[in-house]
Each structure stands twice: as C-alpha cells, then as structure tokens.
Number of protein chains: 2
Amino acid sequence: MEEREISQAVIRRLPRYYRYLGELLENGVERISSNDLSKRMKVTASQIRQDLNNFGGFGQQGYGYNVKYLYTEIGKILGLEQHHNIIIIGAGNLGQALANYADFEKRGFILKGIFDVNPTLADVSIRGVPVRMMDELEQFVRENDIEIGVLTIPKTKAVEVANNLVNNGVRAIWNFAHIDLNLPENVIVENVHLSESLMRLSYNISRYHEEHKESK
Amino acid sequence: MEEREISQAVIRRLPRYYRYLGELLENGVERISSNDLSKRMKVTASQIRQDLNNFGGFGQQGYGYNVKYLYTEIGKILGLEQHHNIIIIGAGNLGQALANYADFEKRGFILKGIFDVNPTLADVSIRGVPVRMMDELEQFVRENDIEIGVLTIPKTKAVEVANNLVNNGVRAIWNFAHIDLNLPENVIVENVHLSESLMRLSYNISRYHEEHKESK
DNA sequence: TAGATTGTTAATCGATTAACAATC
DNA sequence: TAGATTGTTAATCGATTAACAATC
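Residues numbered from 1 in each chain as written. Chains lettered and ligands numbered in written order. Predicted model: local features only at pLDDT ≥ 70, side-chain atom pairs only at ≥ 80, totals over all residues. Heavy atoms only, no water.

Taking an unreviewed UniProt entry as the reference, chain A is identified by name as Redox-sensing transcriptional repressor Rex belonging to Dorea acetigenes. Database annotation for chain A, UniProt heading Sequence similarities (unreviewed entry): "Belongs to the transcriptional regulatory Rex family." In its Subunit (unreviewed entry) section, the UniProt record describing chain A reads: "Homodimer." (UniProt positions renumbered as here; feature names shortened; annotations may be inferred.)

As structure tokens, then:
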C-alpha cells in the first residue's frame, strides 16, 4: 500500500522512452530488448530495466518487451489517457504556437480558452478557440472546470496571474515566464525557462571554444 | 592545466543563479550570503557554495558575495559576453516567437536570418530580419558565418536540415523538434522537447490524483 | 577583537552500472 | 532443451549535504 517515491531522474526519462517506443511502433517493430533500445537511445540497458521496474515488470525473460504493450503502459503511467481542461494566458506568438500545438489533444489536454490583455486580439480565434480578455478570466476558470493554466505572459504579470488561477481552482501550471512562481506545494508547476536553455547552450559553446583554443 | 569537468547538474543550475542575481541587482541589493540566497532559491547554502567554487572563489569570508561582481562573473562563465551569429529555421508561430525574443540580443546571440519552406512568408520580416526560402540556406550559412541554428520545424525535416547546417559550418543547434538529432559529438545540441515537458506535467497531475484518491 | 561567512574536506545520500540467478 | 533476456540485488560512482577551520 505504501508507494515508494519515484525519483525525478526517472520521470524525466519516461517521456523519452515513450517517444522512442512510439517511433518503433510506427515502424512496425513488435518487440525490443533493453539492449537494442539502449543502443538506439544511448543509455545503458541496465538503466532502462531499472527505470521500467519502478512501475512494474513489463518484459519477459528471453523475449524482451512488446513494443505496443510497453508504449501503452508508459502512456498510462504518464496519465495520457486522462483528460484535462487547459487554458492559455498570453496570446502572443508563443501562446499561439502552443494553441496550435497538435500534441495537446493527443496528450489529453483540451484547450478551452485563450486569454490576453490586448484588445486587438479580441476577435481572433485559434483552432476555433476565441481569444478572451483578461477580465473574464476568473469567472471562466471557475465555470469551465479548468485544471491547467499555461502562462505565456511576461514575468511581471506571471506571479499575480498564477495566484489568481490557483485561487479559482487551477491545479497545475505550465510556466513559460522567466520567474519562479512559489505556489502552494500542492500545485503542480512545470517550468519551461527558455532563457535558461539558451544560456546552457551559450555555456557549452564557450566551454568548447575554451577547450580547443590551445590546439589553434 | 588539467581542467576537471564541471558536472551537468551544476551547469543546469548556473542560469538560475544568474537570474536570481540579476533580480537582486535590479532591486539594488549589494551583497548576499549563500544562506540568504539559499532561502530565496530554495536550495541549500552548501550547494550554492559548492557550485560556485567549481569556477573560483567569488566570495569573501564574513561578508558573502558582492551581487554585481558575482552576476558579472557568472555571465562570463555562461559566455554571455561573446557574440554568436544565429539563424532560425522554421518561421511558424514558434520560430516567430523566438525571433521576437528580446533575450537573444541580451545573451549575445545575433539573429542573422529566418528560413521557411512556405512561399507566403517570403515577404515577411521579423524585427527587420526577412524570412528567406530554404533553397538559400546552405549558401547563407557559409557566407554569413552562422554558428548556431535554431530548429523550429517538424521532426520529419529536422534531422536532414541539422546535418545540412553542420556540413556548412554550424557548430551548435537549439533543437525544438521532437526528435534526437544524433550529430557528431563536437556539435553542441540543446534540446527543448516541449512534448516531454507536457508529459511530465501530465505525470505529476496523475500521480497527485493517485496519491489523494483514498482521501476522497 | 568578535562575529559572520566563506572555501573545502569529509560524510551521507541517491542514482547508475554491473552482475547474475530466475525464467521464458 | 539451449539461448536469450529480464528482474533484481550488489557494487560503484557521483552528487548533495554537513561540518568546520580559515579568514575577512
């Protein structure tokens, strides 16, 4: 009955397994061993087996893993079979990019609304979902059972809006604003800090130059 | 002379330190101890000191760290003072969002070109940078000393385009396509897999529901 | 000087890898 | 059955935290 906590390191790898299994499935591959998969994914076979065994024994000795079965099971673990109502706050390029993002539906996220402060967007619809003005936000969240908010707004507004969403029932935030939200710990936050990703890229380029300058 | 390798865990945290120090700087804070910073960032003071000491002793006993100095030094470590020519391939919403991204310039990345297959975009300019057609790509990369390519194109095209870029001199890829590129190991790749981020969010929501269903 | 806080070593913790018995 | 490959335990490796002497 006592569930042991799955480490974040494992969870971070899970979607990648799912992606590879999806590709194998598309290519008509029926079964795969941890060893084969390890070569494709460039991780150790040991890690694959350890990771999967956190959730159950999905394989069979002497055979390996059935691709379709494992794909489905990981999908369940990731919760992709459940449906969640989602809204996007911030209808700029990034917000629109996400609104047009086909994966939303595939992953069980149902886009219910898009919000912005800019009145010139008031007549715009994206994939049939109209852009609404921010003053409708709170009521909309309450009345439409919104579980997830996507923040594609400047960091100066993000904290306030996030608190607002949570106060009206939102349980999870996909945060693209360059700031930490510091929400109550029962609220789930997944950060996408693009500026930090860019800086890691920058660091790695610099380090590469550094390492190779003596050989010049 | 022998540089010990800095762990990826440290590098992943570095931009976040930089962000917090930037905020402190904006707020006119002159100095900060690892202990104060640890409370704000919700990491241990020990970790902050360990991380920073990978790169040098930036603090002073009994005083702490000078915010401005530390900010500048981390900026140097991250390579933000260097300039790199960058192009975006894929002028959809996401590509346009990134092209409009003010941080590029601030981080030393100079947007030189945007490319797309869609001829209706041929007359469009974003922040003064015109969208070019893909058949100009190779020549453009060679002639304009392009160091970094941003891939905001579908995964079906990403591998081919990435190889193309690398063959024409590009040294680093910021990859938003949902696929692993498998480039030569001297090419730096920073992946932003939004679908994986979304699945982690989905997982955490499911797990939360799981944990709380008995208390219903 | 006394107090504060770093830089750094040592201890602990957790994650990864290796190994192999179980078993299909 | 023999060969293959898992599930899982044990060994190793690396990262985090604790502790404290050095020193501003």
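Still to come is the rest of the account.
A. A look at the relation of the copies chain A and chain B. Overlaying chain A with chain B gives an RMSD of 0.0 Å, the required rotation being 180 degrees about an axis along which the chain moves by 0.0 Å. Taken together, the rotation angle and the small translation identify this as a two-fold axis. A share of 100% of interface residues in chain A that are also interface residues in chain B marks the association as one of identical surfaces. (Least-squares fit on C-alpha atoms with pLDDT ≥ 70 in both. Contact = heavy atoms within 4.5 Å.)

B. Local environment of the sheet that holds strand 10 (residues 188–191) of chain B. Residues and elements named next belong to chain B. Taking strand neighbours across the sheet as the criterion, the 7 strands line up as 6-7-5-4-8-9-10 in an open arrangement whose pairing is mixed. Looking at the sheet topology across the chains shown, the edges are occupied by strand 6 (125–126) and strand 10. As paired strands, strand 4 (residues 84–89) and strand 8 (residues 148–151) are joined by 4 bridges and run parallel to one another. Counted as the bridge partner of Ile-87 is Gly-149 from strand 8. Together, strand 4, strand 8 and strand 9 (172–175) form the strand contacts of helix 8 (residues 155–167), whose direction differs from that of strand 8 by roughly 170 degrees. (Pairing = 2+ DSSP bridges. Helix = DSSP H or I, 4+ residues; strand = E, 2+ residues; numbered from the N terminus. Axes fitted to C-alpha atoms, helices over the stretch in contact; angles between N-to-C directions.)

C. Seen up close, the domain arrangement of chain A. Partitioning chain A into domains gives domain 1 (8–77) and domain 2 (84–196). On a C-alpha basis, the centres of domain 1 of chain A and domain 2 of chain A stand 32 Å from each other. (Domains from an automatic or database assignment.)

D. Representation of the packing of helix 1 (residues 8–26) of chain B against helix 3 (residues 45–53) of chain B in the model. Residue and element names in this part refer to chain B. Packing of helix 1 against helix 3 brings their axes to within 11 Å, and their N-to-C directions diverge by 105 degrees. One element, helix 1, and the other, helix 3, form an angle in the roughly perpendicular class. Judged by residue contacts, Val-10, Arg-13 and Tyr-17 of helix 1 engage Gln-47, Ile-48 and Asp-51 from helix 3. When grouped by side-chain class, the residues that make up the contact of helix 1 with helix 3 number 3 nonpolar, 1 polar and 2 charged. (Parallel < 35°, antiparallel > 145°, perpendicular 65-115°, else oblique. Nonpolar A, V, L, I, M, F, W, Y, C, P; charged D, E, K, R; others polar.)

E. Region of the structure containing empty space enclosed by the protein. Under the counting rule described, the total for this entry stands at 1 cavity of 30 Å³ or more. Taken together, Glu147(A), Ile148(A), Arg171(A), Ala172(A), Ile188(A), Ile205(B), Tyr208(B) and His209(B) make up the full set of residues lining the largest cavity. Sorting elements by how many residues they give to the lining of the largest cavity places helix 9 (residues 194–212) of chain B first, with 3 residues. Here the lining of the largest cavity is built from residues that sort into 5 nonpolar, 1 polar and 2 charged. (1 Å grid on protein atoms, 1.4 Å probe; cavity = no way out; pocket = protein on both sides within 12 Å on 5 of 7 lines; lining within 4 Å. Points joined across faces, edges and corners; volume = space filled by probe spheres on them.)

F. Structural detail: helix 1 (residues 8–26) of chain A. Over its 19 residues, helix 1 of chain A runs 28 Å from end to end, which matches the ideal 27 Å to within 8%, given 1.5 Å per residue. Where helix 1 of chain A is concerned, the buried positions are Val10(A), Ile11(A), Leu14(A), Pro15(A), Tyr17(A), Tyr18(A), Arg19(A), Tyr20(A), Leu21(A), Gly22(A) and Leu24(A). For helix 1 of chain A, the elements touching its buried residues are strand 1 (31–32), helix 2 (34–41), helix 3 (45–53) and helix 4 (67–77) of chain A together with helix 9 of chain B. Gly28(A) lies just past helix 1 of chain A and shows a positive phi near 75 degrees. (Expected span 1.5 Å × (residues − 1). Buried < 20%, exposed > 50% of the residue type's maximum accessible area, 1.4 Å probe, protein only.)

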